[in-house]
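Descriptive structure summary
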2 protein chains.
Amino acid sequence: MPQGRPEHVPADGLTTRQRRQQPLLVVHTGSMKGKSTAAFGMALRGWNQGWSIGVFQFVKSAKWRVGEESAFHALDQVHHQTGQGGPVQWHKMGEGWSWTRKQGQSADHAAAALEGWREITRRLAEERHDLYILDEFTYPMTWGWIDVDEVVATLAARPGHQHVVITGRAADPRLVAAADLVVEMTKIKHPMDDGRKGQRGIEW
Amino acid sequence: MPQGRPEHVPADGLTTRQRRQQPLLVVHTGSMKGKSTAAFGMALRGWNQGWSIGVFQFVKSAKWRVGEESAFHALDQVHHQTGQGGPVQWHKMGEGWSWTRKQGQSADHAAAALEGWREITRRLAEERHDLYILDEFTYPMTWGWIDVDEVVATLAARPGHQHVVITGRAADPRLVAAADLVVEMTKIKHPMDDGRKGQRGIEW
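Before going into details, it helps to say that this report is about the structure given with it. (Residues numbered from 1 in each chain as written. Chains lettered and ligands numbered in written order. Predicted model: local features only at pLDDT ≥ 70, side-chain atom pairs only at ≥ 80, totals over all residues.)

We now examine the pairing of strand β4 (residues 131-135) of chain B. All names here are of chain B. Burial runs high along β4: 5 of the 5 residues are buried. Of the two faces of β4, the one carrying Leu131, Ile133 and Asp135 and the one carrying Tyr132 and Leu134 are both buried. The pairing of strand β2 (residues 53-57) with β4 spans 5 bridges and is parallel. Opposite glutamine 57, over in β4, you have aspartate 135 as the bridge partner. Two strands pair when backbone bridges link them, and β4 and strand β5 (residues 163-167) are joined in this way by 4 bridges, in the parallel orientation. Counterpart to isoleucine 133 in the pairing with β5 is valine 165. (Buried ≥ 20, exposed ≤ 12 C-beta atoms within 10 Å, placed from the backbone. Helix = DSSP H or I, 4+ residues; strand = E, 2+ residues; numbered from the N terminus. Pairing = 2+ DSSP bridges.)

What follows is the structure, encoded as structure tokens:
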């Protein structure tokens, strides 16, 4: 892990404590699947801090069910029953965003993705969550459904102390430039190279 | 995520189902901290499958407390109370392995690390867990405390269907060669480059 001593101290007029308290924009990109997995690992730590966590999955299929969703639902229940940890909300585009009346899969993925982003924009303005996981969020930007400049500007202007983690392949350079922390997951070796298919518990 | 169609089908005489059921040896390496985070994310999925999970942290300090440990303790409780998910055991070298009588920090890290590996060897032989997270396990190998060839041979000979995930920088080439899946977490950008220190909930 990185050591606690920064390589240099910036001349930004902030104390170490102020600098430490800055909200982070984190991007997990690259060709490997660990991007989302690592983001959910961060959410685990946030849960333990008592943070309000909002997960927004920009996935097309309603059938996209990952084990993490069930685990975080259980952790949300723990929070509500015992006060330990924080509340977790989990929203998926594929089955119709839960805050809309339109249930079921939408044929118009572009409109659904934009609707998701509009809701996130509202929540950021209201400081609804401490940690936002925007899972697979690079894709609607890549496909032009959501404007990258608007995303960057909205995130830069977000009030308070809200952390945002964005996952997905091929993150736009403007998003990378705006991020505080960017991790690239690189494939060295994958079992599918040997003709194996994904397996339950490992891949989903 | 990777598509479900393998690039080629190996001539190993196995059916797709048999191949899919193969236990995996996964290595998360590289210079970034996402290694452990992604491993714990995998454990979340395993928990949801009802797997027995054993986490073994090869860390020196007893004070190394990550939020994940508390979250998994809560998930273990959920399992024991409701039957949802699987049991989780979490062992840390730094405070004396829990199965030994020697509590408190050991001055002899090499002996403590080897003792941890011996226990893991026993558990693999007994097929105790479905998923083993050997966190920061590359370090005792790098320092020569645990023999890499023995680790590779033991893992290759492990019975049943036990998945093993190893994290840590600078994984030995023999370990990489033996692994089914290797992910390297690469730093593109880190807030400590700007003189910021780690913050609660993000770094630990």
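Once that is clear, we can look at the environment of B:Lys33. Within the secondary structure, B:Lys33 is located in the loop between β1 (25-30) and α2 (34-48). We classify B:Lys33 as buried; it has 23 C-beta atoms within 10 Å.

All names here are of chain B. Here glutamate 127, not a glycine, exhibits a phi torsion of approximately 55°, which is positive. If you trace the backbone, glutamate 127 turns up in the loop between α4 (109-126) and β4. Overall, the presence of 13 C-beta atoms within 10 Å leaves glutamate 127 in the partly exposed class. A positive phi is found at alanine 170, a non-glycine position, where the angle reads about 50°. In this structure, alanine 170 sits in the loop between β5 and α7 (173-178). Accessibility expressed as a C-beta count within 10 Å gives 12 for alanine 170, which makes it exposed.

Purely geometric stuff here, so don't read any function into it on its own.
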